[in-house]
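Report on the structure
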Amino acid sequence: MARPRVFVSSTYYDLKYIRASLEGFIESLGFEAILFERGNIPFHSDTPLDKSCYHEAENADIFVLIVGGRYGSSTSDSRQEDNQPFERYQSITQQEFDTAQAKGIPTFILVDNAVRSEHYTYLQNKNNEDIKYAHVDDVAVFHFLDKILEREQNNPVYNFEKVTEIESWLREQWAGLFRDLLRSKSQQQQLSDLQSQIIELKSVNETLKNYLEAVLEKVNPEESEKIIKTEEEKIENNRKELLLKNNTFVIFMHAFGNLSEDKIKILIEKPQNLDELLKKIDKNIIGDFNPYLKELISQKQMQESYNEARSILGKPPIDFELDESKPKIVK
């Protein structure tokens, strides 16, 4: 099953320990961490190495930028000349950031607190070339920060001192990202209500047409009753399919669980309690993403959507409130 891909962009030697820690955090969430030093960026023999990085950056689902005290190496298209100041060329890290921004990839920016503090000093003394900065190798780092902060959107910045602060902030940000996804799906459901009604009316019209044809052809009563029963079942099945199609739980399982409609119906119909539901998830969902799915099942919105789906299929709701770890069914 495809997992969300998180591209981590930064200079390497000064931030390698933070990159390693961040990789472990990303993988613990069931996401795929993309770091060039781990060998999970395919490099092509006929292409400069940095361009392979840009290709992976533009195909990521989430982009994380870490800004430390180094500006980094130049891109293959702007190789540094002898004694050329840093601010006159584009670094690989900056080009990765620009690539992700051009594609509109959700971006999260982490800035070393010492660097950010000196950036404030730099802003007050831009014209004073005699100032020496202790935490950056060149003012090009500040130019890069200026460029980031000037953007009107998709540039949330967090100043950090410890890796644990990074993990806490990203966890909150990504939880909010998922919440927005659920809300957008709910809004899409409202927008599709009219379309659903039109489709249902079309189904009713087809049924009435069949009724009329049955009467006109003067079929025998037994055959007419069979036709009527078949069409009524068709209407009911269409109604259920339309409601399930717009159910948040079903939408999520399609998008992130990569499950077929039949397997999703099994997840909805078969479990008799929360414990059985979690076991079904273990059986049907690829293991690496299970902890994340189980965490989502604990959210009230997802629980309500799941029980709504059970109601559509004529099943009683599951009680998600555990009593001494014994899940039970609401009668």
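Below you will find a few notes about this structure. (Residues numbered from 1 in each chain as written. Predicted model: local features only at pLDDT ≥ 70, side-chain atom pairs only at ≥ 80, totals over all residues. Heavy atoms only, no water.)

Some remarks on helix H2 (residues 49-58)
- Those residues of H2 that sit buried are Asp 50, Ser 52, Cys 53, Tyr 54, Glu 56 and Ala 57.
- Its buried side turned inward, H2 meets strand S1 (5-9), strand S2 (32-34), strand S3 (62-67) and helix H3 (92-102). (Buried < 20%, exposed > 50% of the residue type's maximum accessible area, 1.4 Å probe, protein only. Helix = DSSP H or I, 4+ residues; strand = E, 2+ residues; numbered from the N terminus. Contact = heavy atoms within 4.5 Å.)

With respect to the side chain of Gln 101
- Along the chain, Gln 101 falls in helix H3.
- In this structure Gln 101 touches Thr 107, Arg 151, Gln 153 and Asn 154, once residues within four positions along its chain are discounted.

Quick word on the pattern of salt bridges
- With the rule as written, the count across this model stands at nine salt bridges.
- Across the salt bridge formed by Asp 98 and Lys 147, the nearest N and O atoms sit 2.8 Å from each other. Residue Asp 98 is found in helix H3, and its partner Lys 147 is found in helix H5 (residues 140-150); the two are separated by 49 residues along the sequence. (Salt bridge = Lys/Arg side-chain N within 4 Å of Asp/Glu carboxyl O.)

Here we look at empty space enclosed by the protein
- The final tally for this structure, using the stated rule, is two cavities of 30 Å³ or more.
- Here the largest cavity is characterised by a volume of approximately 60 Å³.
- For the lining of the largest cavity, the secondary-structure elements that each account for two or more residues are S3 and H5. (1 Å grid on protein atoms, 1.4 Å probe; cavity = no way out; pocket = protein on both sides within 12 Å on 5 of 7 lines; lining within 4 Å. Points joined across faces, edges and corners; volume = space filled by probe spheres on them.)

Description of the packing of helix H4 (residues 113-124) against H5
- Relative to each other, H4 and H5 sit at 90°, their axes nearing to 10 Å. By the angle between their axes, H4 is roughly perpendicular relative to H5. Contacts between H4 and H5 pair Val 115, Arg 116, Glu 118, His 119, Tyr 122 and Leu 123 from the former with Val 141, Phe 142, His 143, Leu 145, Asp 146 and Leu 149 from the latter.
- Within the contact of H4 with H5, the residues separate by chemical class into seven nonpolar, two polar and three charged. (Axes fitted to C-alpha atoms, helices over the stretch in contact; angles between N-to-C directions. Parallel < 35°, antiparallel > 145°, perpendicular 65-115°, else oblique. Nonpolar A, V, L, I, M, F, W, Y, C, P; charged D, E, K, R; others polar.)

What about the nonpolar core?
- If you look at the biggest cluster of nonpolar residues, it comprises 25 residues, and the most contacted ones within it are Phe 7, Phe 63, Leu 65, Val 67, Phe 97, Ile 109 and Ile 148.
- When contributions to this core are tallied by element, the ones reaching two or more residues are H2, S3, H3, strand S4 (107-112), H4 and H5.
- In terms of residues, this core owes the most to one element, H5, which gives six residues.
- If near-sequence neighbours (up to four positions away) are discounted, Ile 148 is found in contact with Leu 65, Val 67, Phe 97, Ile 109, Asn 155 and Val 157.
- Residues Leu 277, Tyr 306, Ile 312 and Leu 313 belong to the second largest nonpolar core, which totals 22 residues. (Core = buried A, V, L, I, M, F, W, Y, C linked by side-chain atoms within 4.5 Å.)

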